[in-house]
Amino acid sequence: MAGSSSSKIATLIVLVPLALLAWYLAPMALPVWRWRNMDFREQSKKLNIPEAMLKKEFDMRVRFHPRGDGDPFPFQLISMDPTWLSADEKTHNDEDHLMVRCTLISDRSGNPPSSLFLGSTYKDRYFKTHGWRFPPGAFGLDKRRPVVIYQGDTFDKLSIGDAEVLDTEVNYGAGKWTNDDKDPDDGFAAPH
C-alpha cells in the first residue's frame with residue numbers, strides 16, 4: 001500500500017509541472033486565444049453585424065509602420081481578398097489605395113507579432129497573412145480602429161522583391177496611397 005501511494009505522489013509531482021508547461025507553451029502552436037475568446041455569435045449580437053460576415057476569412061497584406069514611439073496601432077492593413085464590405089454587404093467600404101491602421105493580434109496568444117519578428121528595414125516589415133477582420137470595439141479592444149485577428153501559422157514576411165515593389169507602390173507610385181492616420185483620430189500624436 002505504501003509503495004502505491006508514493007508512486008501516485010511521484011506521478012503527480014511529474015505531471016503537474018508538465019501540465020503547467022504545456023499550458024504556457026500551447027499558444028506557440030495552437031490557437032488558444034481563438035478557442036477562448038472568438039465567439040462569433042456573441043460578437044454578432046454586441047456589434048449588430050451578421051454572424052456570417054464576422055466568420056468570413058480574408059487573405060491580407062499588412063505592414064509594420066509605426067508613427068513614432070509608443071504608437072498603439074503600428075500596423076496598417078494594406079489589402080484584403082476578398083475586399084472588405086460594409087455590414088449590409090451591398091456597398092463597398094472605400095479602402096482602395098488606403099492604408100488602414102488596425103489592432104493586429106494573433107489567434108494563438110491574443111498579442112501582436114513579436115518585435116523579434118520585425119526586421120530593421122522596410123523590406124522586412126511587409127507581411128501576408130490569413131484571418132478575420134472585426135469592426136472597432138470587437139472583443140473589448142479599441143473602438144477607433146478595426147481589429148484584425150491573424151492565424152498564427154500564416155503570418156509570413158513578403159519576399160524582399162515583393163516588399164520593395166509594394167513599398168514603392170504605396171509610398172511613391174503614381175497613385176500614392178492614403179493613410180487613415182488622421183481619420184478616425186485614435187489619440188496618438190506623432191512626434192514632429
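Residues numbered from 1 in each chain as written. Predicted model: local features only at pLDDT ≥ 70, side-chain atom pairs only at ≥ 80, totals over all residues. Heavy atoms only, no water.

Asker: I'd like a description of helix α3 (residues 40-47), backed by residues and values.
Answerer: The complete set of buried residues in α3 reads Phe40, Gln43, Ser44 and Leu47. Looking straight down α3, one finds that the buried residues subtend no more than 105 degrees of arc, so they occupy a single side. The outward face of α3, more than 90 degrees from its buried face, is lined by the exposed residues Arg41, Lys45 and Lys46. If you follow the buried residues of α3, they end up packed against α4 (51-55) and β4 (126-134). Asn48 sits one or two residues past α3 and shows a positive phi near 60 degrees. (Buried < 20%, exposed > 50% of the residue type's maximum accessible area, 1.4 Å probe, protein only. Helix = DSSP H or I, 4+ residues; strand = E, 2+ residues; numbered from the N terminus. Arc of directions from axis to C-beta. Contact = heavy atoms within 4.5 Å.)

Asker: Lay out unusual backbone geometry with the relevant residues and their values.
Answerer: Here the amide bond leading from Asp81 into Pro82 is cis, since omega sits at 0 degrees, within 30 degrees of zero. Examined against the element boundaries, Pro82 turns out to sit in the loop between β2 (75-81) and β3 (98-106). Positive phi outside glycine occurs at Asn48, with the angle close to 60 degrees. The residue Asn48 is located in the loop between α3 and α4 in this model. Here Phe139, not a glycine, exhibits a phi torsion of approximately 60 degrees, which is positive.

Asker: Tell me about the pattern of salt bridges, and name the residues and values.
Answerer: For the coordinates displayed, the defined rule picks out nine salt bridges. A salt bridge links Asp71 to Arg67, with the shortest nitrogen-to-oxygen separation between them at 2.7 Å. Accessibility classification places Asp71 together with Arg67 in one group, the buried group. Residues Asp180 and Arg145 are paired through a salt bridge, measuring 2.7 Å at the closest nitrogen-oxygen approach. With Asp180 in the segment after β7 (178-179) and Arg145 in the loop between β4 and β5 (147-150), this pair connects stretches of sequence that are 35 residues apart. Looking at Asp180, the relative accessible area reads 9%, which means it is buried. By relative accessible area, which is 0% here, Arg145 ends up buried. (Salt bridge = Lys/Arg side-chain N within 4 Å of Asp/Glu carboxyl O.)

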